[in-house]
Amino acid sequence: MKSRALPAVPVVLGAWILMAYSIGQWRSMTVPSWDLAIFSELAKAYSQLEAPIVPIKGDNYNLLGDHFHPILVVLGPVWRLFPSPLTLLIVQDLLIAASAWPITRLAVRLLGGPAGTALGLFYVLAWGFQGAVAAQFHEIAFAVPMLAWASVAFVEGRWRACALWIAPLVLVKEDLGLTVFMAGLAIALRGWQASRDGTEEPGSSRVPGPIVLGLGLALFGAVAFALTVGVILPALSPTGTWEYGLSSDGVGGGNPLTGLLTPSVKVATLAMVACTAGFIGLASPWAALVLPTLAWRLASSKEFYWDWQYWHYNAILIPVAVGALLDIVARLKRLSPTGAWMGAPVPARWAVALAVAVPLATGAVTASRLPLWDMTSKGYGSTSPRAGEAEQIIDLIPEGSTVETDLTLLAYLVPTTTVSWVGTSTTDTDYVVVDSLSSAWGGNPPTDAAQWATEGSTQGSRYELILEVDGFQVARRVE
């Protein structure tokens, strides 16, 4: 296979595996959280050219006041064509898979076909991406290809291209303004090093110089962060504040360093980042881009922020860590007068070989502990035994109705109804759907959905039970 075609291998294989996993989740009615339903309501609103009002988060809740992610407006046309939450899962899978193209292409150029392709396969199936896919759709998926292309541009010294890829991160999520800030500093530092040494990165341009460009980009990221968390989010949030500021109880013991490194799961997450960068990647200024994300996560009091196996918080760490690894590999390769590895010093060759082996070994050792391993189980992705009952309920509720429900059918009802969650809804809805097996009830579900809805009514509504099947109950508001 020609080396020019090798980067397509991780893209195609990664897309196939990730989509198969997502489709299996959807068919088996796996619901890890309410977020897929939330973003589905957002996409549905955008498809109708409306503000992203998401009743699942609360009555008249504008989701742009929760997190700042205006880039998600692009989901509107996609939802218009394919109105299903599964569409969002596929979009996320494709974004992750597409990001493997520039990373693998650079890896093949630097390391050769076999090693570069292997690193690309590790990348597209990396732990951070698996956790994101298992957690289902989040806005952070749009940051992944941006960071991948920006990482490659940084390694190749294409500063303006790097800045153009990294700047739109401020439209993905509010805290990524700090990532843009760090990227600007990395570009400026590399420019200062080149000026000091009298060298210039291949492909770089002095109009504007990397120092000026980098400092300008850093200023842009800092201002964007301050503006979004200090002005935009409080203005759109129903509480009038940025709802995700850090709580002081996340860095216990009065010692910030101790708090950032305990309990041990935090150290494990840091170790996984270091392994993904092959350790030597930590010497790259590009590796500093992981610091803002790691800092707010490890300083938080929310335990699931610390984890490396699940959820979506690790996704943006992967392209940065692998990009940092390739940055050091590229710099070591330039030690060769001939531009070939055989001309490089022996210590440099050993360092690169070991550095590339580390993430590959890490991927192999941790594979059985990660979400995609579930696909090896017999019957993975089979249709849920309750799918028929779920479809019966969806067909029973008239299109355009309002529904209050728990997690099980939350996302599945979004295409045809306006959905509220039992934990946040304060307005009476046309229908109430209760699943006695849902984790939302903490093991104590209502025994009678109609009675529960009637007693909880804020407007004096009365409900009647119209369906009870396989743990599901559907109650209808009596006019």
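Basis of the calculations
Residues numbered from 1 in each chain as written. Predicted model: local features only at pLDDT ≥ 70, side-chain atom pairs only at ≥ 80, totals over all residues. Heavy atoms only, no water. Phe/Tyr/Trp six-rings, centres within 6.5 Å; stacked < 30°, edge-to-face > 60°. Helix = DSSP H or I, 4+ residues; strand = E, 2+ residues; numbered from the N terminus. Buried < 20%, exposed > 50% of the residue type's maximum accessible area, 1.4 Å probe, protein only. Pairing = 2+ DSSP bridges. Axes fitted to C-alpha atoms, helices over the stretch in contact; angles between N-to-C directions. Contact = heavy atoms within 4.5 Å. Parallel < 35°, antiparallel > 145°, perpendicular 65-115°, else oblique. Left-handed = near helix turned anticlockwise from the far one by under 90°. Nonpolar A, V, L, I, M, F, W, Y, C, P; charged D, E, K, R; others polar. Core = buried A, V, L, I, M, F, W, Y, C linked by side-chain atoms within 4.5 Å.

Asks: Is there a simple way to think about the packing of aromatic side chains in this case?
Replies: Pairs of aromatic rings are described using the distance from one ring centre to the other and the angle between the two planes. Tallied over the full model, the rule gives 16 aromatic pairs. Ring plane angle 85° and centroid distance 6.2 Å describe the contact between Phe225 and Trp242, whose orientation is recorded as edge-to-face. Of this pair, Phe225 sits in helix α10 (residues 210-236) while Trp242 is found in the loop between α10 and α11 (256-261), placing the two residues 17 residues apart along the sequence. In this structure Phe225 comes out as buried when scored by relative accessible area, which is 18%. Judged by its relative accessible area of 27%, Trp242 is partly exposed. With a centroid separation of 5.1 Å and an interplanar angle of 80°, the aromatic rings of Phe304 and Tyr305 are classed as edge-to-face. The exposure class of Tyr305 is buried, given its relative accessible area of 8%. Grouping aromatic residues by their ring pairs yields a cluster made of Trp296, Phe304, Tyr305 and Tyr313.

Asks: What is the right way to read the sheet that holds strand β5 (residues 472-478) from this model?
Replies: The pairing of strands in a sheet happens through backbone hydrogen bonds and is either parallel or antiparallel. The five strands lie next to each other as β2-β1-β3-β5-β4, forming an open sheet whose pairing is mixed. Each edge of the open sheet carries a strand with a single partner, namely β2 (418-421) and β4 (462-469). Adjacent strand axes in the sheet meet at a mean angle of 25° when their direction is disregarded. As judged from the seven bridges shared by β4 and β5, these two strands associate in the antiparallel manner. What sits directly across from Glu464, in β5, is Arg476. Together, β3 (431-435), β4 and β5 form the strand contacts of helix α16 (residues 387-396), whose direction differs from that of β4 by roughly 145°.

Asks: How should I be thinking about the packing of helix α4 (residues 85-111) against helix α6 (residues 127-134) in this particular structure?
Replies: How two helices pack is summed up by the angle between their axes together with the distance between the axes. In the contact formed by α4 and α6, the axes pass within 10 Å of each other and the chain directions differ by 170°. Judged by the angle between their axes, α4 and α6 are roughly antiparallel. Considering only the axes of α4 and α6, their crossing is right-handed. Contacts between α4 and α6 involve Gln92, Asp93, Ile96 and Ser99 on the former and, on the latter, Phe129, Ala132 and Val133. Taken together, the residues of the contact of α4 with α6 sort by class into four nonpolar, two polar and one charged.

Asks: Help me understand the nonpolar core in this model?
Replies: The tendency in soluble globular proteins is for nonpolar side chains to be buried side by side. Counting residues in each nonpolar core, the largest one holds 131 residues, and the members touching the most others are Tyr123, Ile166 and Trp286. By residue number, the principal contributor to this core is α4, which donates 12 residues. The contacts of Ile166, once residues within four sequence positions are left out, are Leu147, Ala150, Val180, Ala183, Leu217, Trp286 and Leu289.

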